[in-house]
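Architecture at a glance
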Amino acid sequence: MYQNNALYTVKIEAGISKSYSLGFRAKFIQEIMANKERIPGQISENLKYTISKLYNKSRTPIPIKPNPNKTLLLSLTFGIFTSLGLILHMHLFKKRPKFIYSINYMIPSVLVFDASLIHPLRAQKIKDSLLAEKIIKRKDIIEAHPIPLSEFRCIYSAKMIESLKDMNSVSEQMNLYLTSEIDYLELLEFYTTSCDGTYKALQYAVQERTLCFNLSGGFHHASKTHSARFCLLNDVFYAIKKAEKDIQDQSILIIDTDYHQGDGNISFLDEFPNVSMISIDIQHDEQNSHARLTSVAFQDSTSFADYKSQLISSIDKVKDPDIIIYLAGYDLFKEDSLTHGPFSENEILERDAHIFSHFKGKAFVFLPAGGYGINSWKLTLNSIKNYVKKIH
């Protein structure tokens, strides 16, 4: 086997040299010593001495004199790959916002009494545009479903539930002309599905500590005792009550920037001690007050700079909340067909961007709330696009 002893000796010497240079000598020497009986006797005593010496020291690291140039290169290479790895990890595993949607988000025909007032497919148009422009993926969409009125016993009295089951009572409360059972059932399907959407948005936002958009909801005029205006059911407090186990003792801040004051939401505050509310609006009722309500009234003539300053000041006064529920309210737009609000599109988008940025990293639920006109949905779309593009 060892016909060429000189060659074998050279191989061992080369191995020892390689072990020195690579810092792996221990394993190499241990393999030699395990087979030392097979080493030819012609190997010089110097080589045997070297092997024994290395073996005895192989159990403890022997420092290798570093090459300064190689060390610097390795450090730079390691730093670059570490940074690239972190960036890749953040890109692949960051929490993407989710979007709650349902085919039932189509505005009921009984509410679209004026075609110029609201687009019946506003939620669908937002969703389709986001998908078409590749702003979101289909996996980012969570489906909402209609739920029975009995589910609302968690926030409403038995008397209130019974009134919601009566088509004539609903017509009277909402000042609508419901002519058939079909109109009434369509109305129920829209509102109960939207409430389920707000609950799912809140549940996801709390569990993942991220932002979730419900493409319907923000029915802030529905109070504990009656429905009102375009609001049959209160989706915000239904969601808060339903998500009680997920929320536990976390603090919640509702920010309502709709043109109209959220009087229905205010009526629930007594029963939810962990909820505070900011309402900054034009159509205002001073009688609606509460210890955990920061209410700011402004005029159509108020400049955007003053409006934003009041909004920021109101937010700063509230103790750092765990959860944000934002009723965006796009009826402050100057081209809104119902309110003819005071602000431009860019100003409203700036408002949203500030609120998104201020509460970055929080559990955050977005609700579109008011916004009237055949193209009002585009404001909501653009606000969402700005947010998603910024985080990606």
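See the structure shown above.
Residues numbered from 1 in each chain as written. Predicted model: local features only at pLDDT ≥ 70, side-chain atom pairs only at ≥ 80, totals over all residues. Heavy atoms only, no water.

A word on the packing of aromatic side chains
- As enumerated under the stated definition, the model contains 25 aromatic pairs in all.
- When the centroid spacing of 6.1 Å and the interplanar angle of 75° are considered together, the rings of Tyr326 and Phe364 count as edge-to-face. Residue Tyr326 is located in strand β7 (residues 323–327), and its partner Phe364 is located in strand β8 (residues 363–367); the two are separated by 38 residues in the primary sequence. Phe364 matches Tyr326 in its accessibility class, with the two residues each being buried.
- Arg351 extends its terminal NZ or CZ atom over the ring of Tyr330, reaching a point 5.6 Å from the ring centre. (Phe/Tyr/Trp six-rings, centres within 6.5 Å; stacked < 30°, edge-to-face > 60°. Helix = DSSP H or I, 4+ residues; strand = E, 2+ residues; numbered from the N terminus. Buried < 20%, exposed > 50% of the residue type's maximum accessible area, 1.4 Å probe, protein only. Lys NZ or Arg CZ within 6 Å of the ring centre and 35° of its normal.)

Here's the deal with helix α8 (residues 181–208)
- Between its first and last C-alpha atoms α8 spans 40 Å; for 28 residues at 1.5 Å apiece the expected length is 40 Å, and the two agree.
- α8 sits mainly inside the fold: 20 of its 28 residues count as buried.
- Where α8 ends, the next residue or the one after it, Arg209, has phi of about 50°, a positive value. (Expected span 1.5 Å × (residues − 1).)

Digging into the pattern of salt bridges
- For the structure on display, the rule yields 12 salt bridges.
- Residue Arg351 pairs with Asp352 through a salt bridge whose shortest N-O separation is 3.0 Å. For the residue pair Arg351 and Asp352, the accessibility class agrees, reading buried in each case.
- What emerges from the salt-bridge pattern is a single network uniting Arg96, Lys98 and Asp140. (Salt bridge = Lys/Arg side-chain N within 4 Å of Asp/Glu carboxyl O.)

Here's the deal with the environment of Phe343
- Tracing the sequence through the fold places Phe343 in the loop between β7 and α13 (345–358).
- Contact partners of Phe343, with chain neighbours within four places excluded, come to Phe298, Thr302, Ser303, Phe304, Tyr307, Leu332, Phe333, Lys334 and Ile348. (Contact = heavy atoms within 4.5 Å.)

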